[in-house]
Amino acid sequence: MNFVFRRDELLVVEETGVLPDAQVCAGLGLPPQALQPVWLDPGAPQRAAHVEPGIEAPQGYAFRKLRGLFGVLDDHGMAQAGRAYQIAEWARTHRYCGACGTPAERVAGEFCLRCPACGHSAYPRISPAMMVLVRHGDGILLARHAGRISAIYTALAGFVEPGESIEQTVHREVYEEVGLKVGNLRYFGSQSWPFPNSLMIAYTADYVSGEIRVQEDEILEARWFGPGDPMPEIAGRVSIAGALIRAHMPLGWAG
């Protein structure tokens, strides 16, 4: 299974979504030794690599955005592709030591690139981010985020900052983005989100106080949705945002 990426696009057969074989990879200038193992098990068949942005897809193939492959690849295939992307991106962005600039070397038996000169080690980066669905009586708070073309409403989210716990991030992000204070945080679930390297950790929380005041550079609109309100367009089932919202829908909603 060869996962070949051009930035955040995966090379697949245009009509079927099948991955390229070794011959196609070789035609792109990717011999077997250029492909990174996706798992530490030497018998695992998954390999991953990046090609330069100017590389064109061979005839019959296309570079497709990972997000665009939801529904083309099954859940297992998407999970494999997400992991492969993160490994390939780590290898692409850590070819040289970040401390002294010496070419890095792969360490056997672990996902580590180490500098032979100064010993600096680089591991695949994972950026933790929280997501929270705020509840108020029978209603839930949904928002439209700035910078997105779609009109999808979703839960609030934000990246963990240095020195923070996930719970502290929830309180800070909710207050910054919509001006509300919350309590009674409850863990819901987590999901690897390889766009490019996040781990989404989802919670529910109860409204405590405040009036909605949006952070305009982050949020276009935020509002309460209750049992009598029309259901807005929400995130798809494949994302943890979609699962979180659907698990806490107001009475009368279906989706």
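Definitions and cut-offs
Residues numbered from 1 in each chain as written. Predicted model: local features only at pLDDT ≥ 70, side-chain atom pairs only at ≥ 80, totals over all residues. Heavy atoms only, no water. pLDDT = per-residue confidence, 0-100. Helix = DSSP H or I, 4+ residues; strand = E, 2+ residues; numbered from the N terminus. Phe/Tyr/Trp six-rings, centres within 6.5 Å; stacked < 30°, edge-to-face > 60°. Buried < 20%, exposed > 50% of the residue type's maximum accessible area, 1.4 Å probe, protein only. Lys NZ or Arg CZ within 6 Å of the ring centre and 35° of its normal. Core = buried A, V, L, I, M, F, W, Y, C linked by side-chain atoms within 4.5 Å. Contact = heavy atoms within 4.5 Å. Pairing = 2+ DSSP bridges. Expected span 1.5 Å × (residues − 1). Polar contact = N/O pair within 3.5 Å; in protein donor to acceptor, adjacent residues only side chain to side chain. Salt bridge = Lys/Arg side-chain N within 4 Å of Asp/Glu carboxyl O.

Caption draft 1: Spatial organisation of the confidence of the model for the chain. Model confidence for the chain is summarised by a mean pLDDT of 93, while 100% of its residues fall at 70 or above. Taken element by element, the chain is modelled with least confidence in strand β3 (residues 36-37), mean pLDDT 90, and with most confidence in helix α3 (residues 166-178), mean pLDDT 98.

Caption draft 2: Just the packing of aromatic side chains, in detail. Evaluated as defined, the whole model comprises 7 aromatic pairs. Seen from their ring centres, W193 and F195 are 4.8 Å apart, and the 65 degrees between their planes marks the pair as edge-to-face. Overall, W193 belongs to the buried group, its relative accessible area being 17%. Given a relative accessible area of 23%, F195 falls into the partly exposed group. In this structure an aromatic cluster arises from ring pairing among Y153, F225 and W253. Across from the ring centre of Y175, 5.5 Å away, lies the NZ or CZ of R213, which sits over that ring.

Caption draft 3: Representation of the environment of H76 within the structure. Structurally, H76 is set in helix α2 (residues 75-93). A relative accessible area of 54% means that H76 is categorised as exposed. Considering only alpha carbons, one finds H76 and A104, 28 residues apart in sequence, at a separation of 32 Å.

Caption draft 4: How the structure looks around unusual backbone geometry. Going from F195 to P196, the amide bond is cis rather than trans, its omega being 5 degrees. Tracing the chain through its elements places P196 in the loop between β12 (181-193) and β13 (198-209). Even without a glycine there, the phi angle at R7 is positive, about 55 degrees. With a relative accessible area of 39%, R7 lands in the partly exposed category. Positive phi values are uncommon outside glycine, yet N184 reaches one of about 55 degrees.

Caption draft 5: Molecular detail of the nonpolar core. Formed by 19 residues in total, the largest nonpolar core has its most connected members in M131, L133 and L142. Going through the elements one at a time, β9 (127-136), β10 (139-145), β13 and α4 (240-246) are the ones with two or more residues in this core. Per-element tally for this core: the top contributor is α4, with 4 residues. Those residues in contact with L133 that sit more than four places away from it in its chain are I140, L141, L142, A155, Y203, T204, A205, L244, I245 and H248. Ranked by size, the runner-up nonpolar core spans 18 residues in total, among them L141, L156, V174 and L180.

Caption draft 6: Quick peek at the pairing of strand β1 (residues 2-6). With respect to burial, β1 is a largely interior element, 5 of its 5 residues being buried. With burial as the criterion, each face of β1 is covered, one bearing N2, V4 and R6 and the other bearing F3 and F5. Pairing analysis gives 4 bridges linking β1 to strand β4 (residues 47-50), with the strands arranged parallel. For F3, the partnering residue across the bridge sits in β4 and is A48. For β1 and strand β2 (residues 9-13), the ladder comprises 2 bridges, and the chain directions are antiparallel. Considered in β2, the bridge of R6 is made with E9. Connecting the antiparallel pair β1 and β2 is a turn made up of 2 residues, with R7 showing a positive phi of about 55 degrees.

Caption draft 7: Representation of the sheet that holds β3 within the structure. The sheet built from 5 strands is open, its strands ordered β3-β4-β1-β2-β5 with mixed pairing. Across the chains shown, the open sheet's two edge strands, defined by having one partner strand only, are β3 and β5 (61-65). The pairing of β3 with β4 spans 2 bridges and is antiparallel. Looking at the pairing, Q36 lines up with A48 of β4.

Caption draft 8: Here's a closer look at α2. Relative to the 27 Å expected for 19 residues at 1.5 Å per residue, α2 spans 27 Å between its end C-alpha atoms, a close match to the ideal helical length. The backbone nitrogen of H76 has a side-chain oxygen 3.2 Å away, supplied by the residue at the start of α2, namely D74.

Caption draft 9: How the structure looks around the pattern of salt bridges. For the coordinates displayed, the defined rule picks out 10 salt bridges. Between R6 and E9 there is a salt bridge, and its shortest N-O distance comes to 2.9 Å. On the accessibility criterion, E9 (17% relative accessible area) is buried. Here R172 ties to E164 by a salt bridge, and the two come within 2.5 Å at their closest N and O atoms. Overall, R172 belongs to the buried group, its relative accessible area being 16%.

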